[in-house]
Amino acid sequence: MAIRAKQGMRTKRPVVVFRALANTNRLRIIGMLLGGKRMTVTDIAVELHISFTATSNHLAILKSLDVLEALGTAGHVFYSMNEHLPHDFRSIVAVALQK
């Protein structure tokens, strides 16, 4: 049964990854944080011109997939790209952000 659960997770992960990247705002967040930049929820929301709540939801999705890291300092949470970005995301992001 454990093997079946693992197989199910492997087949579902690509679907979850593509759904996460299908959202323009999530791609824009990734683009803003590439190159080692750290930003707060408020900074990101202001730059994207979307609500704090919507921004928080997008960040939570990306963090749950190990795309982002969060570090709390001085009463703020700063988000940055995970230095150890999962390989599946690394490949897809590189293609998705090409201009």
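Refer to the structure presented above.
These numbers come from a predicted model, not from an experiment. (Residues numbered from 1 in each chain as written. Predicted model: local features only at pLDDT ≥ 70, side-chain atom pairs only at ≥ 80, totals over all residues. Heavy atoms only, no water.)

## What to know about the packing of aromatic side chains
And step 1. Here the structure, examined in full by the defined rule, presents zero aromatic pairs.
And step 2. In this arrangement the basic side chain of arginine 38 is found over the ring face of phenylalanine 78, its NZ or CZ atom lying 4.8 Å from the centre. (Phe/Tyr/Trp six-rings, centres within 6.5 Å; stacked < 30°, edge-to-face > 60°. Lys NZ or Arg CZ within 6 Å of the ring centre and 35° of its normal.)

## Notes on helix H4 (residues 52-64)
And step 1. In this model, H4 (13 residues) spans 18 Å end to end at C-alpha, consistent with the 18 Å of a helix rising 1.5 Å per residue.
And step 2. The complete set of buried residues in H4 reads Thr55, His58, Leu59 and Leu62. Buried residues of H4, seen end-on, are gathered within an arc of 100° and therefore sit on one face of the element. In H4, the exposed positions angled more than 90 degrees off the buried face are occupied by Thr53 and Ser64.
And step 3. Tucked inside the fold, the buried residues of H4 contact helix H2 (24-33), helix H3 (41-48), strand E2 (68-73) and strand E3 (76-81). (Helix = DSSP H or I, 4+ residues; strand = E, 2+ residues; numbered from the N terminus. Expected span 1.5 Å × (residues − 1). Buried < 20%, exposed > 50% of the residue type's maximum accessible area, 1.4 Å probe, protein only. Arc of directions from axis to C-beta. Contact = heavy atoms within 4.5 Å.)

## Focus: the sheet that holds E2
And step 1. Read across the sheet, three strands follow the order E1-E3-E2 without closing on themselves; strand pairing throughout is antiparallel. With one partner strand each, in any of the chains shown, strand E1 (39-40) and E2 form the two edges of the open sheet.
And step 2. Bridge count for E1 against E3 is two bridges, and the pairing is antiparallel. Bridge pairing in E3 places threonine 40 opposite phenylalanine 78.
And step 3. Helix-sheet contacts for H2 involve E1, E2 and E3, and the interaxial angle to E3 is about 90°. (Pairing = 2+ DSSP bridges. Axes fitted to C-alpha atoms, helices over the stretch in contact; angles between N-to-C directions.)

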